[in-house]
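Notes for the structure review
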Amino acid sequence: MSEIFQIPAFTRAMVALFASGVAFPLLGVYILSLELIPVRFGVMHLSLLGAAVGLMLGADPMLFAILFAVAAGFIVSGLSARGSASNSGGAMALLMTTSLGIVFILFYKTNIQAIEAFNLFWGNVLALERGEVFLVAVVSALIMIGSLFFLRPISAVLFDRETAFAYGLPATAVYTGILVMVCVGIGLGIRITGALMVDAVTLLPALAAQSLKKNFRSTLALASVLGVLSNLSGFALALAFDLPTSPAIIVVGSLAVLACKLIFYIQKKAEGGRYARSENY
Amino acid sequence: MRPAQPLAAAPGAQSILRAENLAIGYRRAAPVVRGMRVNYSPPDTWGRVLGFVGPNGAGKTTLLKTCLGLLQPLEGSLRLLDTDTRHSSFASVRARLAYIPQNRPEGNAGQLRISVWEAVSFGRLGRSGFTGRLHRADREAIDAAIAYCGLESLAGSAVQDLSGGQFQRVSIARAMAAEPRLYLFDEPGSYLDQAGQDAVRKLIASLAESGAPIILVTHDRTLMELCDSFLFFENGKAALLDAKEWHAPREGYGS
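Okay, so let's go over this structure.

Conventions and cut-offs
Residues numbered from 1 in each chain as written. Chains lettered and ligands numbered in written order. Predicted model: local features only at pLDDT ≥ 70, side-chain atom pairs only at ≥ 80, totals over all residues. Heavy atoms only, no water. Helix = DSSP H or I, 4+ residues; strand = E, 2+ residues; numbered from the N terminus. Rg over C-alpha atoms; globule rule 2.2 N^0.38 Å. Buried < 20%, exposed > 50% of the residue type's maximum accessible area, 1.4 Å probe, protein only. Areas by Shrake-Rupley, 256 points an atom, 1.4 Å probe, with all protein chains shown as cover. Phe/Tyr/Trp six-rings, centres within 6.5 Å; stacked < 30°, edge-to-face > 60°. Lys NZ or Arg CZ within 6 Å of the ring centre and 35° of its normal. Salt bridge = Lys/Arg side-chain N within 4 Å of Asp/Glu carboxyl O. 1 Å grid on protein atoms, 1.4 Å probe; cavity = no way out; pocket = protein on both sides within 12 Å on 5 of 7 lines; lining within 4 Å. Points joined across faces, edges and corners; volume = space filled by probe spheres on them. Nonpolar A, V, L, I, M, F, W, Y, C, P; charged D, E, K, R; others polar. Lys, Arg positive; Asp, Glu negative; His and termini not counted. Polar contact = N/O pair within 3.5 Å; in protein donor to acceptor, adjacent residues only side chain to side chain. Pairing = 2+ DSSP bridges. Contact = heavy atoms within 4.5 Å. Axes fitted to C-alpha atoms, helices over the stretch in contact; angles between N-to-C directions. Core = buried A, V, L, I, M, F, W, Y, C linked by side-chain atoms within 4.5 Å. Buried area = accessible area lost by both parts, 1.4 Å probe. Parallel < 35°, antiparallel > 145°, perpendicular 65-115°, else oblique. Left-handed = near helix turned anticlockwise from the far one by under 90°.

1. Looking at the overall build of chain A
Along chain A, the regular secondary structure elements total 12 helices and zero strands. Mapped from its N terminus to its C terminus, chain A presents α and β elements in the order α-α-α-α-α-α-α-α-α-α-α-α. Against the compact-globule benchmark of 19 Å for 281 residues, chain A has a radius of gyration of 20 Å, which places it among compact chains. Dimensions of chain A, computed from the C-alpha atoms along their principal axes, are close to 75 × 55 × 30 Å. Burial status across chain A gives 52% buried among its 281 residues.

Laid out in structure tokens, this is it:
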């Protein structure tokens, strides 16, 4: 068993999954709070296009994925300034389908190997290179530091952006910062879990944490813990049962969501029972 | 009861609100009000209450949002506390305004579980630096505002678990924590039951007694009684009236 830790690809995967497990679920909480679900679909597809362009040019697909994702972030930020970001479903659908169409044209017309294209959709954490892992670790650290240092401005913007602005906070700058973090995270996530399963490292731990209805700080902390647990246990399951890593992480993350919902339900029921008993006395 | 810290009017301010040929509204839409010329400069700003009144859609909330810099004037200029809302220096004025919105935030954002204390602390955002770090003076102002609004027992509760009336009191406490130079209320008491409306009305009345100038968007007749001047919106125009002028010809207006 210990031999497995000697394999560089394995340790690189572990580091990337740990770092993204800690930091990316915070992005999931931001996505949910800012109602950016359709937006993150658009960003996901645009960063997939970026990765495909990177492959076509023989460059690092992750770098291009991030560049395209950040560009998407600024587009979204611009839409948001006009008050239409969170309800821009039509525009996002157009962006998604167009990006996907161009991606397949690029794959068809260039010499991109099928396995490389496949990795973009499904991810291959064991194929991560050293520089890519370093980038994941640095970005994860920046997300954590940014979230810790600016926790109050971030929570104020998530709670009510208009009121935060009215009280003198540079709410647009904070909102743009959050969006850029989300977009960079999605761009990086493509290489780790693949475009179709970025939610595994962002949204699922956040959904699980939110379903326990704790306060904002506890939700962030819990999302991080669940993110690490999902990533690492999903990876362990994948190795033990010869499964693809990303789907294994998704299944574990989904089970975490169900477990948290069940725990909340049981807690509520117990509180209700206690209340009913105290009423009887 | 008075606020722990006196809420003084703008020192040296000559005018609370001044509009010159102002057109307001949303971009890519026809102006809601145009050609507004108003100079609300009472000789003594202490405890002054200006009511924005008029039918729905006449531009009351639109002007309030323009006052806060949330919307830009479409034409002309708007000065609040002697500062043009489009000027870069308005950011420092905005940090001393207190906005009390009509509703609680909606959707997922409104589900963000933060405590009453944290929600009130957002009133200090304009003063507490880039990272929002709170100092002792900030904490004292927050505690005083919570106590003034009778929210001590709820300070640790999540705002999502509060009733509409309690939430409005949180909004007012947040405004007080800002130690503002001007309060801006957007239809306080809307959607509240009678008890909630009465509690909010009492709080606004005591704020007015404490001296802070107030701008109040309202349809509520009992809140109108607190106002000493009115900005009446109708048919794309707005006119400044004193209390006597307002009450005489429009007996049927307000609920």
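2. Details of the overall build of chain B
For chain B, the count of helices and strands is nine helices and 10 strands. Of all 255 residues assigned to chain B, the portion counted as buried reaches 56%. Carbon and sulfur atoms form 48% of the exposed surface of chain B, whose accessible area is close to 10800 Å².

3. Looking at the packing of aromatic side chains
Applying the stated rule across the entire model yields five aromatic pairs over all chains. Here the aromatic rings of F159 of chain A and F122 of chain B are separated by 6.1 Å at their centres, their planes lie at 50 degrees, and the arrangement is tilted. One end of the pair, F159 of chain A, is in helix α7 (residues 151-159); the other, F122 of chain B, is in the loop between α4 (116-121) and α5 (136-148), on a second chain. The buried category is assigned to F159 of chain A, whose relative accessible area is 2%. Residue F122 of chain B is classed as buried on the basis of its relative accessible area of 6%. Positioned over the ring face of F165 of chain A is R94 of chain B, at 3.9 Å from the centre of the ring.

4. Description of the pattern of salt bridges
All names here are of chain B. Applying the stated criterion across every chain, the model contains 13 salt bridges over all chains. Residue E20 is joined to R18 by a salt bridge in which the shortest nitrogen-to-oxygen separation is 3.7 Å. For E20, a relative accessible area of 36% gives the class partly exposed. Between R113 and D161 there is a salt bridge, and its shortest N-O distance comes to 2.9 Å. A residue pair is termed long-range when its members are at least 10 positions apart, and R113 in the loop between α3 (107-110) and α4 and D161 in the loop between α5 and α6 (164-177) qualify at 48 residues. Among the charged side chains, a salt-bridge network with shared partners connects R18, E20 and R37.

5. As for empty space enclosed by the protein
Under the definition given, this model contains four cavities of 30 Å³ or more. Taken as a whole, the second largest cavity encloses approximately 40 Å³ of empty space. Taken together, A156, F159, D160, T163, A164 and Y167 of chain A together with F122, L125 and R174 of chain B make up the lining of the second largest cavity. If you list the elements that add at least two residues to the lining of the second largest cavity, you get α7 and α8 (161-166) of chain A. Broken down by class, the residue content of the lining of the second largest cavity amounts to six nonpolar, one polar and two charged.

6. Some thoughts on the side chain of D160 of chain A
Within the secondary structure, D160 of chain A sits in the loop between α7 and α8. Here D160 of chain A is buried and forms no salt bridge, its nearest opposite-charge partner R174 of chain B lying at an N-O distance of 5.5 Å. Among the polar contacts made by the side chain of D160 of chain A, one reaches the side chain of T163 of chain A at a distance of 2.6 Å.

7. A look at the sheet that holds strand β5 (residues 83-84) of chain B
Residue and element names in this part refer to chain B. Spatial ordering of the open sheet is given by β2-β1-β4-β5, a layout of four strands whose pairing is antiparallel. Each end of this open sheet is capped by a strand with a single partner; those strands are β2 (33-40) and β5. In this structure, strand β1 (residues 17-24) lies alongside β2, joined through five bridges in antiparallel fashion. When the sheet's bridge partners are listed, R18 is paired in β2 with N39. Each of β1, β2 and β4 (75-80) is contacted by helix α1 (residues 60-67), which is oriented at about 115 degrees to β1, the strand it contacts most.

8. Comments concerning the nonpolar core
In terms of nonpolar packing, the biggest core is built from 137 residues, with Y30 of chain A together with Y183 of chain B touching the most fellow members. Judged by nonpolar contacts, the second largest core, of 31 residues, contains M36, C67, Y99 and L182 of chain B.

9. Details of the sheet that holds strand β10 (residues 237-242) of chain B
Residue and element names in this part refer to chain B. In spatial order, the strands read β6-β7-β8-β3-β9-β10; together these six strands make up an open sheet with mixed pairing. Strands with a single pairing partner mark the edges of an open sheet, and in this sheet they are β6 (97-100) and β10. Taken over all neighbouring pairs, the strand axes of this sheet differ in orientation by 15 degrees on average, direction set aside. In the packing of α6 onto the sheet, contacts are made with β6 and β7 (182-186), and the angle to β6 comes to roughly 175 degrees. Docked against the sheet, helix α7 (residues 194-209) engages β3 (49-53), β7 and β8 (214-217), running at close to 150 degrees with respect to β8.

10. What about the interface of chain A and chain B?
At the junction of the two partners, chain A supplies 28 residues and chain B supplies 37 residues. In total, about 2900 Å² of surface goes out of reach between chain A and chain B, with carbon and sulfur atoms giving 60% of it. On the surface where chain A and chain B come into contact, there are two salt bridges. For K65 of chain B, the salt bridge is made with E162 of chain A, and the minimal N-O distance between the two is 3.4 Å. One can count 10 residue pairs in polar contact (both at pLDDT 80 or more) joining chain A with chain B. Counting residues per element, the ones that place at least two in the side of chain A that touches chain B are α1 (8-33), α7, α8 and α11 (216-241) of chain A. Take the side of chain A that touches chain B: its biggest share by element is six residues, from α7 of chain A. For the side of chain A that touches chain B, a count of residues per class yields 15 nonpolar, five polar and eight charged.

11. A short note on the packing of helix α10 (residues 203-210) of chain A against α11 of chain A
Residue and element names in this part refer to chain A. Between α10 and α11, the least distance of the axes is 8 Å, while the angle of their chain directions is 130 degrees. It follows from the interaxial angle that α10 and α11 lie oblique. Of the two possible hands of crossing, α10 and α11 adopt the one that is right-handed. Where α10 approaches α11, its residues P205, A206, A208, A209 and Q210 are matched on the opposing element by T219, L222, A223, L226 and G227. Of the residues that constitute the contact of α10 with α11, the class distribution is seven nonpolar, three polar and no charged.

12. A short note on α7 of chain A
α7 of chain A sits mainly inside the fold: nine of its nine residues count as buried. Every buried residue of α7 of chain A is listed here: L151, R152, P153, I154, S155, A156, V157, L158 and F159 of chain A.

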